[in-house]
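# Structural characterization, general
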Amino acid sequence: MSFFPVGIQHWLLLCLALFSFGLYGLLTRRSAMGLLLAIEIMVNSAAVLVVALIHLLHPGKLDGQLSALFFIALAAAEVVLALGIYVPLARSRPSGDVTQLNDLRG
Amino acid sequence: MTAAPEMLAQSGRLPFALEALWLVPLLPLAGFLLGGLVLRPLKLRWLPQVAAGFVLASLLLSLAAVKAFFGLFPPGSEHPALVTGAIDWLPVLPGLSFGLGTLIDPVSLLLLVVVCTVSFLVHLYSIGYMADDPGKARYFVFLNLFTFSMLGLVLAPNLLQLFVCWELVGASSFLLIGFYFDKPSAVSASKKAFIVTRFADLGLLLGLLSLAWLGFRLLPGLQAAGAVPPGLEAADFALLNHPAFHEAVLALPPFVGLSLLSLPLLLLLMGAAGKSAMFPLHIWLPDAMEGPTPVSALIHAATMVVAGIYLVARLFPAFAAAVTPLEVAAFLGALTCLFAAVIACSQDDIKRVLAFSTLSQLGYMLLALGVARADHALGHTAGLFHLFTHAFFKSLLFLGAGAVIHAVHSNDIWRMGGLRKKMPLTHISFLVAVLAIAGLPPLAGFFSKDEILRAALEGGHTTVYGIALAVAALTPFYMARIYLVAFGGTARSESAKQAHEAPAIMTIPLLLLALLSVCAGWLPMAEYIGLDHGHAAHHGIHWNIALPATAAALLGLALAGWLYTGDRRARREALASLLGPLGGVIRNKFYIDEIWLFFARRVIFRGISAPIAWFDRTVVDGAVNAVGWLSRALGASLTLLQSGQLQGYASWMLAGTMALVLGLGMLLGGN
Amino acid sequence: MRPSDPFFYLFALLALGLARACVCSQHLLRATLYLAGVLFCGAAFYVILDAEFLAGIQLLVYIGGISVLLIFAIMLTRGPDLLKDRPSPLRRNLALALSLSFMGLCSFLVLRTDWPAALPAEPHENPVRDMGVRLLNPGEGGLLLPFEVISVLLLCVAIAAIYLARPGSGEERPLS
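Chains are numbered independently. Their residues run from 1 in the order of the written sequence. Both sets of labels track the order of writing: A upward for chains, 1 upward for ligands. Local features in this predicted model are restricted to residues of pLDDT 70 or higher, and side-chain atom pairs are both shown and tallied only at a pLDDT of 80 or more, whereas totals for entire chains, interfaces and linings draw on every residue. To obtain the side-chain values, all non-hydrogen atoms of the structure were used and water was disregarded.

We now examine the overall build of chain C. When its secondary structure is counted, chain C shows 6 helices and 0 strands. Numbering goes from the N terminus for both helices and strands, where a helix is a DSSP run of H or I of at least four residues and a strand is a run of E of at least two. Counting from the amino terminus, chain C carries its helices and strands in the arrangement α-α-α-α-α-α. Burial classes follow relative accessibility: with a 1.4 Å probe on protein chains only, a residue under 20% of its type's maximum area counts as buried, one over 50% as exposed, and anything between as partly exposed. Looking at chain C as a whole, 35% of its 176 residues are labelled buried. We call two residues in contact whenever any of their non-hydrogen atoms come within 4.5 Å of each other. Taking the contacts inside chain C whose residues are at least 6 apart along the sequence as the reference set, 46% of them involve residues at least 24 apart.

Structure, rendered in structure tokens:
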């Protein structure tokens, strides 16, 4: 594949790369906030991917944008909820380290 | 007639007593159920009378059946075997089914009469003997169960019914030997009897299975050829005794040097030897005397122990066709009768002497059957004749001993003495029994013993004849010994001084049995039971046999009189020193019990049971434990995955997703 | 080559660099700022993809709302130990292997796939208006139901967040 013109594959690879960065963050971060940041990257890359895919396969169709709207709303809700959990947790625990939050260990 | 021709009953044409013969075993069964389930829980006092009544009904019915049978087929003519009351019981496969029913032929009728008569008289006697026993109800219930099982065994038309009843007999014998279950010796004796006979029954079962298998495989061919009558089943005695069946089996290739007919019959003989307490499986019978004395009289003298003899007699045509098992039987019988007679001379417990005497006489019967052949079947008649007469005088001896024990409260003959005057009726009947078993004319034992000796001599078995003659001298000796010690002389203990005659309910059976012991021998048995009517069937006294036998008996009696009349301690001690260590060996019953014990402890426990136990503990339990340990270990290792670490879960999820994608991609093999 | 293509590469490089910085930065507050940068690049991508309205929403909600919220949360709760988030090498290598293999697998699939050509364009006079119509349209192609579901979800989340963040709710005090 060549660099130009930018096509579906370029967009998909870009989003995949962003997603993989998010994934890397998700697996390495020890602080709950860091995890949240990584997840935001992943959600965002997914939204971009949907929009790009629809736009390039079916220009002018609005479904991609509408899905992205829902993505954004969901991401906002998720962040709010995560912070709602995180803030009291951070208050009651000495640290926000997720590796210490293993109360559900079998 | 070469073998018993078997004929199936055409129902409806036979007299009622033969048609309804199935009632004979079922009446005691009804007594057992009624007594055990209704009367005993209600604690009704007339339970013994009810139990005896059921047996009396069986006795009357079987006497009527005998009359009807020999009315139809007079003595001296051919006697067919009838089967009545047959029902299909176990249809296993097409062509393999087992029925229940009653087999009527002279042999089963003979046993029927013996069992019913002795059982009834023992019931009667027990009413007096067990009057004060708290377990009386249980005793009579078991006695009825035993009578039912024994009658079912005697009337069995096929091997399977015989086997079932055989085991039932063993079970009721177990229950009755262990009747005084608070006595450890009785408990261990009952276990010993059960285990030893069970061990022997293994042979019976194997023999049964092989014969039934042979019958099952050969029956279609035989029926197609028209060689056997229709309607036979695989394990029917009618088939197993049929010459065509023998021919077909003998045509098969032999196995380990034995024909396929001999092998199962030898196995059956093992079962028979266990039940009839033949050497070396005899060890349970002397211990079985722990049961109540009437039980010893009924089960361990007159009826159950002759089941083995009956089995051989029942299958005699098959045994005669195979020959080898008969030779083994003759050897076993001769060995046992000599061996047990020698031991009987040394024992002091009156019941043990009688037990060894029973062993000896059973050996006599088996010996008689063993010397008979297809072309010379006198031994068959003689063995059953002796079974018949022995049942009466031996149960009489036991019942008399029971009366004495009841009076003296001891089994030791040296604690008795002088009972002649104190128990006159018991004394008379006991004396009759002693003379009968000694074989003095004209009492019962004389005739049957004569027949056996004649069968052995005419069959050309000179060694066996010699042994039998020796036993004919030993038997009077030990019987006279216990008679003289127990009844003669003066009382040797306090309780013997205070002994008094038993109540009438006990003495009446004694006198009845004494009468039978006198008369039973007068029956021309060969006319009733004989496989070769044409050959030497005349009844009478054969002087060449009777004279030596009587001389031997008199010799034995004289020796006993010389040693045991009055105070002859010096003579006995002289004789004992003459015997030296051999006397001790005899007194200890040739250490057979100890040898078995050694065998059981060292060989079976250590050689077989211990490895099996080890296998069970390590391999079987080990496998179970290993499964448990494995699942726990697996669970423990899986809990490591359940780490509570968010990112661990995320990693697994991701890896799983990728594995799924890869797997699906490969599976769909796609583009 | 279209005029937007250089911008794609520009913002792609920017976004990747910022994303890498975001997940690798040891300083959480800085990571949050990098995240804002990534989200800004996302808005740029929307513009390139002719979704100007979405770009606006992205800027408003993500950068204006979520990023600020995250920054506030971090500043409110920061523990001294986590300001420096330094994962162990083992953890880093494992995560690298997993994410790289994921990337490889997906790229392989993307490159292998024979993507169809674009369908003819569907002209819109006013895409924002059309989106609004579709969101509130209960009929064919309408998204009223998901719209309402997400509205209820947002309401629930708002209530839940208030409840969770209430002082003392971590100690399971009964509702007063």
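Tallying secondary structure elements over chain B gives 29 helices and 2 strands in all. For chain B, with 671 residues in total, the buried portion stands at 56%. Considering only contacts in chain B between residues 6 or more positions apart, those separated by 24 or more positions represent 79%. Here chain B displays about 26,800 Å² of accessible surface, and carbon together with sulfur accounts for 71% of that area. Neither His nor the chain ends contribute to the count of charged residues, in which Lys and Arg are positive and Asp and Glu negative. Charge positions are represented by NZ for Lys, CZ for Arg, CG for Asp and CD for Glu. Within chain B, one finds 38 positive and 33 negative side-chain charges whose respective centroids are separated by 11 Å. Per-residue accessibility takes into account occlusion by the displayed protein chains alone, with areas from the Shrake-Rupley method and a 1.4 Å probe.

Let us look at the interface of chain A and chain C. Many authors give the size of an interface as the accessible area that is lost as the parts come together. Each side of the interface is counted separately: chain A has 76 residues, and chain C has 85 residues. A side-chain nitrogen of Lys or Arg and a carboxyl oxygen of Asp or Glu constitute a salt bridge if their distance falls within 4 Å. For the pair chain A and chain C, the number of links is 1 salt bridge. For Asp63(A), the salt bridge is made with Arg134(C), and the minimal N-O distance between the two is 2.9 Å. Think of a polar contact as two N or O atoms within 3.5 Å of one another; within protein, one of them needs to be a possible hydrogen donor and the other a possible acceptor, and neighboring residues in sequence only count if both atoms come from side chains. Counting the contacts that link chain A with chain C gives 10 residue pairs in polar contact (both at pLDDT 80 or more). Every element with two or more residues in the side of chain A that touches chain C is listed here: α1 (8-28), α2 (32-57) and α3 (63-92) of chain A. Of all the elements, α3(A) adds the most residues to the side of chain A that touches chain C, at 24 residues. The nonpolar class holds Ala, Val, Leu, Ile, Met, Phe, Trp, Tyr, Cys and Pro. Asp, Glu, Lys and Arg form the charged class, and all remaining residues, Gly among them, are polar. Of the residues that constitute the side of chain A that touches chain C, the class distribution is 51 nonpolar, 18 polar and 7 charged.

All names here are of chain B. Paired strands are those between which DSSP finds at least two bridges. Here strand β1 (residues 82-93) runs beside strand β2 (residues 96-104); their pairing, made up of 8 bridges, is antiparallel. From the neighbouring strand, proline 91 faces β2, where its bridge partner is serine 97. Taking the residues that link successive antiparallel strands as the turn, the β1-β2 hairpin has 2 residues, and the phi of glycine 95 there is positive, at about 90 degrees.

This brings us to the packing of aromatic side chains. Aromatic pairing here means that ring centres of Phe, Tyr or Trp (its six-membered ring) are within 6.5 Å. Orientation follows from the plane angle: under 30 degrees is stacked, over 60 is edge-to-face, and everything else is tilted. Within the structure shown, the criterion is met by 16 aromatic pairs over all chains. Considering the side-chain rings of Phe279(B) and Phe339(B), the 4.9 Å spacing of their centres and the 70 degrees angle between planes classify their relative orientation as edge-to-face. Residue Phe279(B) is located in the loop between α10 (262-275) and α11 (284-287), and its partner Phe339(B) is located in helix α15 (residues 324-344); the two are separated by 60 residues in the primary sequence. Here Phe279(B) falls in the partly exposed class, since its relative accessible area comes to 22%. By way of ring pairs, the aromatic residues Trp11(A), Phe8(C), Tyr9(C) and Phe45(C) are connected into one cluster.

Looking now at the nonpolar core. In summary, soluble globular proteins display a tendency toward joint burial of nonpolar side chains. Leu159(B), Leu162(B), Phe245(B), Leu265(B), Trp284(B), Leu311(B) and Leu315(B) are the most contacted members of the largest nonpolar core, which totals 225 residues. Setting aside residues up to four positions removed in sequence, Leu162(B) forms contacts with Leu153(B), Ala156(B), Phe237(B), Tyr310(B) and Leu311(B). We define a nonpolar core as any set of buried Ala, Val, Leu, Ile, Met, Phe, Trp, Tyr and Cys residues linked to one another through side-chain atoms lying within 4.5 Å. Core analysis: the next-biggest nonpolar cluster, separate from the first, contains 86 residues, Tyr24(A), Ile72(A), Ala95(C) and Met103(C) among them.

Taken as a whole and judged by the stated rule, the model has 12 salt bridges over all chains. Its salt-bridge partner being Asp105(B), residue Arg314(B) comes within 2.8 Å of it at the nearest N-O pair. Here Asp105(B) lies in the loop between β2 and α4 (106-129) and Arg314(B) lies in helix α13 (residues 307-314), a separation of 209 residues in the sequence. Just as Arg314(B) is buried, Asp105(B) falls in that class too. Residue Glu458(B) pairs with Arg454(B) through a salt bridge whose shortest N-O separation is 3.1 Å. Taken as a pair, Glu458(B) and Arg454(B) lie in helix α20 (residues 444-458) at a separation of 4 residues, close to a single helical turn. Within this structure, Lys61(A), Asp63(A) and Arg134(C) form a network of salt bridges that share partners.

Here we take up the environment of Leu202(B). Within the secondary structure, Leu202(B) sits in helix α7 (residues 184-224). Sequence spacing of Leu202(B) and Gly274(B) is 72 residues, and the spatial spacing of their C-alpha atoms is 9.9 Å.

A few words on the side chain of Ser410(B). Residue and element names in this part refer to chain B. Its location among the elements puts serine 410 in the loop between α17 (378-408) and α18 (419-422). Polar contacts involving the side chain of serine 410 include one to the main-chain amide nitrogen of aspartate 412, which spans 3.1 Å. Apart from residues no more than four positions distant in its own chain, serine 410 is found in contact with Ile405, Arg415 and Met416.

Once that is clear, we can look at the interface of chain A and chain B. Taken residue by residue, the interface counts 14 residues in chain A and 11 residues in chain B. A combined buried area of about 880 Å² lies between chain A and chain B, and 58% of that area is made up of carbon and sulfur atoms. Connecting chain A to chain B are 0 salt bridges. Counting across the interface, chain A meets chain B through 2 residue pairs in polar contact (both at pLDDT 80 or more). If one sorts the elements of the side of chain A that touches chain B by residue count, α1(A) sits on top with 4 residues. Buried area: the accessible area, evaluated with a 1.4 Å probe, that two parts lose upon being put together, summed over both parts.

A few words on unusual backbone geometry. Its identity as a non-glycine residue notwithstanding, His409(B) has a phi of 60 degrees, on the positive side. With respect to the secondary-structure elements, His409(B) resides in the loop between α17 and α18. Owing to a relative accessible area of 66%, His409(B) belongs among the exposed residues under this scheme. For Asp50(C), which is not glycine, the phi torsion reads 65 degrees and is therefore positive. With respect to the helices, strands and loops of the structure, Asp50(C) is situated in the loop between α2 (28-48) and α3 (52-77).

Our focus in this paragraph is the domain arrangement of chain B. Its domain assignment divides chain B into domain 1 (323-580) and domain 2 (588-632). Spacing between the C-alpha centres of domain 1 of chain B and domain 2 of chain B amounts to 44 Å. Where each domain starts and ends follows an automatic or database-derived domain assignment.

By the element assignment, Ala499(B) lies in the loop between α22 (494-497) and α23 (504-519). Overall, Ala499(B) belongs to the buried group, its relative accessible area being 7%.

Moving on: helix α29 (residues 646-668) of chain B. An α-helical turn contains 3.6 residues, so any two residues separated by three or four positions project in the same direction. What a helix is expected to span follows from its residue count: subtract one and scale by 1.5 Å. With 23 residues, α29(B) extends 33 Å between its outermost C-alpha atoms, agreeing within 8% with the 33 Å of an ideal straight helix rising 1.5 Å per residue. When α29(B) is considered as a whole, its buried residues turn out to be Gln647(B), Ser651(B), Leu654(B) and Met658(B). Buried residues belonging to α29(B) abut α1 and α2 of chain A together with α4 (89-112) of chain C. Of the residues flanking the end of α29(B), it is Gly669(B), one or two places downstream, whose phi is positive at about 55 degrees.

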